[in-house]
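# Structural features, examined
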Amino acid sequence: MAKKDELIEKVYSKLQILQSKQFSAQQRDVLEALLQDGANYTKSEVISISEDFRTKEAK
């Protein structure tokens, strides 16, 4: 059981994330390609995935 001082992040499906106004249309397009169908993600995971992609060096 979680302690009171521990924060539990909500998880969201790919569809919920793509419908969210939290991210710009451009970010949602990128996330549509990067996120796996059927998987759930926390907000911090989605931000991390997006940032990793954005800062990745092009080949």
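The structure presented is a predicted model; accordingly, all values stated were derived computationally and were not measured.

On to the confidence of the model for the chain, then. The share of residues in the chain with pLDDT of 70 or more is 90%, and the mean pLDDT across the chain is 89. Mean pLDDT values over the elements of the chain span from 93, in helix α3 (residues 43–55), up to 97, in strand β2 (residues 40–42).

Turning our eyes to something else, we now look at the environment of N40. With respect to the helices, strands and loops of the structure, N40 is situated in strand β2. Along the backbone, N40 and I17 are 23 residues apart, and their C-alpha atoms lie at a distance of 9.4 Å. Aside from chain neighbours lying at most four places away, what touches N40 is V11, Y12, S13 and E45.

Turning our attention to the nonpolar core. Among the nonpolar cores identified, the biggest contains seven residues, and these are I17, F23, L31, L35, A39, Y41 and V46. Dropping the residues within four chain positions of it, I17 is found in contact with Y12, F23, R28, L31, L35, Y41 and V46.

Thresholds, definitions, all that
- Residues numbered from 1 in each chain as written.
- Predicted model: local features only at pLDDT ≥ 70, side-chain atom pairs only at ≥ 80, totals over all residues.
- Heavy atoms only, no water.
- pLDDT = per-residue confidence, 0-100.
- Helix = DSSP H or I, 4+ residues; strand = E, 2+ residues; numbered from the N terminus.
- Contact = heavy atoms within 4.5 Å.
- Core = buried A, V, L, I, M, F, W, Y, C linked by side-chain atoms within 4.5 Å.
- Buried < 20%, exposed > 50% of the residue type's maximum accessible area, 1.4 Å probe, protein only.

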